[in-house]
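# Geometric and topological summary
Listed below, chain by chain, are the residues.
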Amino acid sequence: MTANTTDDANRSDTDTPLDLSIEVTCDACRKTATFQVNHDRYTAWRERRMLMQDAFPHLSAPDREYLKSRVCRDCWTAMFGPNPFAD
Ligand SMILES: [Zn+2]
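What comes next is a walk through the structure. Computed from a prediction, not measured in an experiment: that's the story for all the values here.

### Thoughts on the overall build of the protein chain
Scanning the protein chain for helices and strands turns up 4 helices and 2 strands. Along the chain direction, N to C, the helices and strands of the protein chain fall in the order β-β-α-α-α-α. In the protein chain, buried positions account for 13% of the 87 residues. In the protein chain, 34% of the contacts between residues at least 6 apart in sequence involve partners at least 24 apart.

Set out below in structure tokens:
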């Protein structure tokens, strides 16, 4: 970590604080999960100013899909088949 407290333009890709908890409920099975994200990036993503993979690089692809689609990994697999996001 650096002591860099400057404006947004100078943020690195990896040092953003995860300062927002998002609770997501799966639309299919009602299971909930909580994701820690960066507030600014979450806002940017919601406003379509940032791609998910850039906004939440710390989340796995299935977790990003869960956040976006509100379908958990298990249900996604049940609906659409084996995980297409395999690393
Ligand atoms: Zn589910």
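Text resumes after the structure shown.
### Points about the pairing of strand β1 (residues 20–25)
Within a regular beta strand, the side chains point alternately toward one face of the sheet and then the other, so they alternate between its two faces. Counting buried residues in β1 gives 0 out of 6 residues, a small share hidden from the surface. Relative to strand β2 (residues 32–37), β1 is paired through 6 bridges, and the arrangement is antiparallel. Bridge pairing in β2 links I22 to F35. Counting the residues that bridge the hairpin from β1 to β2 gives 6 residues, and of these R30 lies at a positive phi of roughly 70°.

### Some points on the environment of S69
You can see S69 is positioned in helix α3 (residues 61–69). With 14 C-beta atoms counted inside 10 Å, the residue S69 sits in the partly exposed group. Distance in space between the C-alpha atoms of S69 and V24 is 9.6 Å, their sequence separation being 45 residues.

The rules behind these values
Residues numbered from 1 in each chain as written. Predicted model: local features only at pLDDT ≥ 70, side-chain atom pairs only at ≥ 80, totals over all residues. Helix = DSSP H or I, 4+ residues; strand = E, 2+ residues; numbered from the N terminus. Buried ≥ 20, exposed ≤ 12 C-beta atoms within 10 Å, placed from the backbone. Contact = placed C-beta atoms within 7 Å. Pairing = 2+ DSSP bridges.

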